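Descriptive analysis of the structure
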Amino acid sequence: MKEITYLEAIKQAMDEEMTRDPSVFILGEDVGIYGGAFRATEGFLEKYGDLRVLDTPLSESGFTGAAIGAALVGMRPIVEMQFADFISCAFDQLVNVAAKNHYRWAAATPIVVRAPYGGNIHGGAFHSQCIEGFFFKCTWIKNRCPFYSI
Amino acid sequence: MDIKREDLLQLYYYLKLTRKLEDRFSSLYHQGRILGGAWTSNGTEAISVGYSYALEKNDIAAPYFRDMGCFLVRGITPKRLMAQYLGKKTGVSAGKEGNVHVGDLNFGVIGFPSHLADNYAVGAGAALAFKMRGEKKVAVACTGDGGTSRGDFHEAMNLAAVRKLPIVFICNNNQYAYSTPLKLQMAIKNVAERALAYGMPSRIVDGNNVVEVFTVARETYDMARNGGGPTFIECKTMRMHGHSEHDSAKYVPRELLEEWKKRDPILQMEKYLIGNDITTKEELDSIDIRVKKEVEDAELFAEESPYPNPEDCLKGVYATPIEEE
């Protein structure tokens, strides 16, 4: 099996899904023109166009809410938090809206939120946090934290 | 005014149905028969009735908690809503949630989260999906005057304007956010001024005039549907009850309420319909009788419905994954 980095694996997975399913789209800060702060969506804008690779205004809560609304009407959004730390700005939309929709009124909310951290970039207090712990208490959100140690 | 007679009568019917149903919720609350709180739209019914009645069937509404008229106009029945309030299994949330914190996508209604203006962003997302798929549908989202101070309001307005999304944002400006008057909420005269900062057109309407709300909503939906982008509509009105039914609203000057009582939306609509020879007092009376019966039937249905089983509270935490085809 070919060895690739996490970044390459994530990029490949998103690329495959976007090719396979037209309802999959990506939104977040600098995901389009720049190709993502970590280059996870490099080349996607050219390949899928600016309605499926959306550069959003700097507004984590707003675009997470928008992803929820799009998911409720049949889309399959992938939200990119530029750095995992910024997910705190979208906490309300995630734990009160996305997480509880199905339990409260039987509406599935299939969104994927990517929250990269651990890039060893010496980011300090606002670009280095491991945020998964914030969500451990939130039963309704599925936490996935892939890692590999040598 | 290009509105069919039958539509005008339907607007009246939904105003009355909303008022009567919520009056009943209020009574039941004071009798201690409601689980949790009871919020009503008393005095502001024309807003949710008007903006909802102007939607097309496949459009989406993302209401807020004073939008009982939206649930009813979109087709969620008084029976299910009464059962919802009484915590019954036949309620919209099957007994999992109280009162107004629900939705039903079968009727194009997105559930309301208490955190105000969250639904502005969610509604914008539905509009974004319509735009991506090239569908000629619109979304409408609503919040109160207080909700316009929150970040989600501003983030959603900005996103919708930048991407020219097919959405109309409604503000139920009922002068008070719980006990906080408008002057402590914002330093501007009209909430609509907020739209200017996003390059979004806005309209100010009499929120107690259902015909006006309906007409302006329809115009702005048409514009959004045809690629013209979003509009913000400020509906000026007055909350005639407390924040919730537990709240006597002593902080609201009585004379202000007396003034607004004269502008009651149902009273205005009756005058409009009879004054313009659109209908007769007798015809309106027959609608009132129908409404009364529907509310009574709803209560009977809810009373006879079972409570959910205790084990039901563990169900529905996760959706069933969609299988690969």
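Note on numbering: residues in each chain are counted from 1, in written sequence order. The order in which chains are written sets their letters, starting at A; the order in which ligands are written sets their numbers, starting at 1. Where totals are concerned, whole chains, interfaces and linings use all residues; where local detail is concerned, this predicted model gives features only for residues with pLDDT of at least 70, and gives and counts side-chain atom pairs only at 80 or more. With hydrogens and water excluded, all non-hydrogen atoms of the structure serve as input to the side-chain values.

Chain B is annotated in an unreviewed UniProt entry as Pyruvate dehydrogenase from Candidatus Brocadia carolinensis.

1. Some details on the sheet that holds strand β2 (residues 139-144) of chain B
Residues and elements named next belong to chain B. As summarised here, the arrangement of the five strands in space is β1-β2-β3-β7-β6, forming an open sheet in which the pairing is parallel. Looking at strand neighbours, the two that pair on one side only are β1 (60-62) and β6 (202-206), the edges of this open sheet. With direction set aside, neighbouring strand axes in the sheet form an average angle of 20 degrees. Think of it this way: DSSP has to see at least two bridges between two strands before they count as a pair. Numbering of helices and strands runs from the N terminus; a helix is a DSSP stretch of H or I covering at least four residues, while a strand is a stretch of E covering at least two. Across three bridges, β1 lies against β2 in parallel orientation. Each bridged residue has a counterpart across the sheet, and for Ile60 the counterpart in β2 is Ala139. Two residues form a contact once any of their heavy atoms are found within 4.5 Å. All axes are obtained by fitting lines to C-alpha atoms, using only the stretch in contact for helices, and the reported angles, taken between N-to-C directions, cover 0 to 180 degrees. Sheet strands touched by helix α6 (residues 151-162): β2, β3 (167-173) and β7 (231-236). Its angle to β3, the strand with the most contacts, is close to 150 degrees.

2. Thoughts on the UniProt feature "domain: Dehydrogenase E1 component" (unreviewed entry) in chain B
Feature annotation in UniProt places "domain: Dehydrogenase E1 component" (unreviewed entry) on residues 16-311 of chain B, given in this structure's numbering. Secondary structure content for residues 16-311 of chain B is 44% helix and 10% strand, while the C-alpha to C-alpha distance between its ends is 38 Å. UniProt positions are given in the numbering used here, feature names are shortened, and annotations may be inferred rather than shown by experiment.

3. Topic: a nonpolar patch on the surface
Residue and element names in this part refer to chain A. Residues enter a patch when their relative accessible area is above 30% and they make no salt bridge; the linking distance is 9 Å between like charges and 5 Å between nonpolar side chains (Val, Leu, Ile, Met, Phe, Trp, Tyr). Values of accessible area rely on a 1.4 Å probe in the Shrake-Rupley scheme; residue burial ignores everything except the protein chains shown. When a carboxyl oxygen of Asp or Glu is within 4 Å of a side-chain nitrogen of Lys or Arg, the pair counts as a salt bridge. Together, Tyr6, Ile10 and Phe147 make up an exposed nonpolar region whose accessible area comes to about 340 Å². Residue position: Tyr6 is located in helix α1 (residues 6-20). Exposed residues in this analysis have more than 50% of their type's maximum accessible area, buried residues have under 20%, and partly exposed residues fall in between, with area computed by a 1.4 Å probe over protein chains only. Overall, Tyr6 belongs to the partly exposed group, its relative accessible area being 45%.

4. Describing the packing of helix α3 (residues 60-72) of chain A against α6(B)
Close contact between α3(A) and α6(B) brings their axes to 8 Å; oriented N to C, the two are set at 70 degrees. Put simply, α3(A) runs roughly perpendicular to α6(B). The hand of the α3(A)/α6(B) crossing is right-handed. From α3(A), Glu60(A), Ser61(A), Gly62(A) and Ala66(A) reach across to α6(B), where they touch Asp152(B), Glu155(B) and Leu159(B). Of the residues belonging to the contact of α3(A) with α6(B), the class tally is two nonpolar, two polar and three charged. In this scheme, roughly parallel covers angles under 35 degrees and roughly antiparallel covers those over 145, while 65 to 115 is roughly perpendicular and the rest are oblique. Should the near helix be turned counterclockwise from the far one by less than a right angle, the crossing is left-handed, whereas a clockwise turn marks it as right-handed. Here the term charged refers only to Asp, Glu, Lys and Arg, the term nonpolar to Ala, Val, Leu, Ile, Met, Phe, Trp, Tyr, Cys and Pro, and the term polar to all other amino acids, Gly among them.

5. Things to note about the side chain of Asn190(B)
Residues and elements named next belong to chain B. Looking at where Asn190 falls in the secondary structure, it is placed in the loop between β5 (180-181) and α7 (193-196). Its relative accessible area of 17% is what places Asn190 among the buried residues. What qualifies as a polar contact is a pair of N or O atoms within 3.5 Å, subject to a donor-acceptor requirement within protein and to the restriction that residues adjacent in sequence count only when both atoms come from side chains. Separated by 2.9 Å, the side chains of Asn190 and Lys236 make a polar contact. In this structure Asn190 touches Ile204, Glu234 and Lys236, once residues within four positions along its chain are discounted.

6. Quick notes on the packing of helix α1 (residues 5-30) of chain B against helix α4 (residues 78-85) of chain B
Residues and elements named next belong to chain B. Two numbers describe how α1 lies on α4: the axes approach to 11 Å, and their chain directions differ by 20 degrees. Considering their axes alone, α1 and α4 lie roughly parallel with respect to each other. In this structure, α1 meets α4 at a crossing whose hand is right-handed. For the pair α1 and α4, contact is made by Leu17, Leu21, Arg24, Phe25 and Leu28 and by Pro78, Leu81, Met82 and Tyr85, respectively.

7. What about the side chain of Thr143(B)?
Considering the arrangement of structural elements, one finds Thr143(B) in strand β2. Contacts of Thr143(B), omitting those with residues within four sequence positions, involve Tyr64(B), Leu116(B), Ala117(B), Tyr120(B), Thr148(B), Phe153(B), Ile170(B), Cys171(B) and Asn172(B).

8. Comments concerning the pattern of salt bridges
Scanning the model with the defined rule gives 27 salt bridges over all chains in all. Between Glu80(A) and Arg114(A) there is a salt bridge, with the nearest N and O atoms lying 2.8 Å from each other. Of this pair, Glu80(A) sits in strand β3 (residues 76-80) while Arg114(A) sits in strand β4 (residues 112-114), placing them 34 residues apart in sequence. A salt bridge links Lys89(B) to Asp312(B); its shortest N-O distance comes to 3.4 Å. You can see Lys89(B) sitting in the loop between α4 and α5 (118-132) and its partner Asp312(B) sitting in the segment after α11 (281-304), a full 223 residues away along the chain.

9. Details of the packing of aromatic side chains
All names here are of chain B. Ring pairs are drawn from Phe, Tyr and Trp, using the six-membered ring of Trp, whenever the two centres fall within 6.5 Å, and their geometry is named by plane angle: stacked under 30 degrees, edge-to-face over 60, tilted for the rest. Overall, the coordinates contain 16 aromatic pairs over all chains when judged by the stated rule. Measuring from ring centre to ring centre gives 5.9 Å for Tyr53 and Phe214, while their planes differ by 50 degrees; the resulting arrangement is tilted. Taken as a pair, Tyr53 in helix α2 (residues 45-53) and Phe214 in helix α8 (residues 210-225) lie far apart in primary sequence, 161 residues in all. A centroid spacing of 4.5 Å and a plane angle of 25 degrees characterise the contact between Tyr120 and Phe169, whose relative ring orientation is stacked.

10. A closer look at α1(B)
Here, expected helix span is obtained from the residue count minus one, scaled by 1.5 Å. With 26 residues, α1(B) extends 38 Å between its outermost C-alpha atoms, agreeing within 8% with the 38 Å of an ideal straight helix rising 1.5 Å per residue. One or two positions beyond α1(B), positive phi appears at Gly32(B), with a value near 75 degrees.

11. Concerning the sheet that holds β3(A)
Residues and elements named next belong to chain A. Strands sit in the order β2-β1-β3-β4 across an open sheet of four strands; the sheet is parallel. At either margin of the open sheet sits one strand with a lone partner, and together these are β2 (53-55) and β4. On average, each strand axis in the sheet is tilted by 20 degrees relative to the strand beside it, whichever way the strands run. Strand contacts of α1: β1 (24-28), β2, β3 and β4, with the helix running at about 130 degrees to β1, the strand carrying the most contacts.

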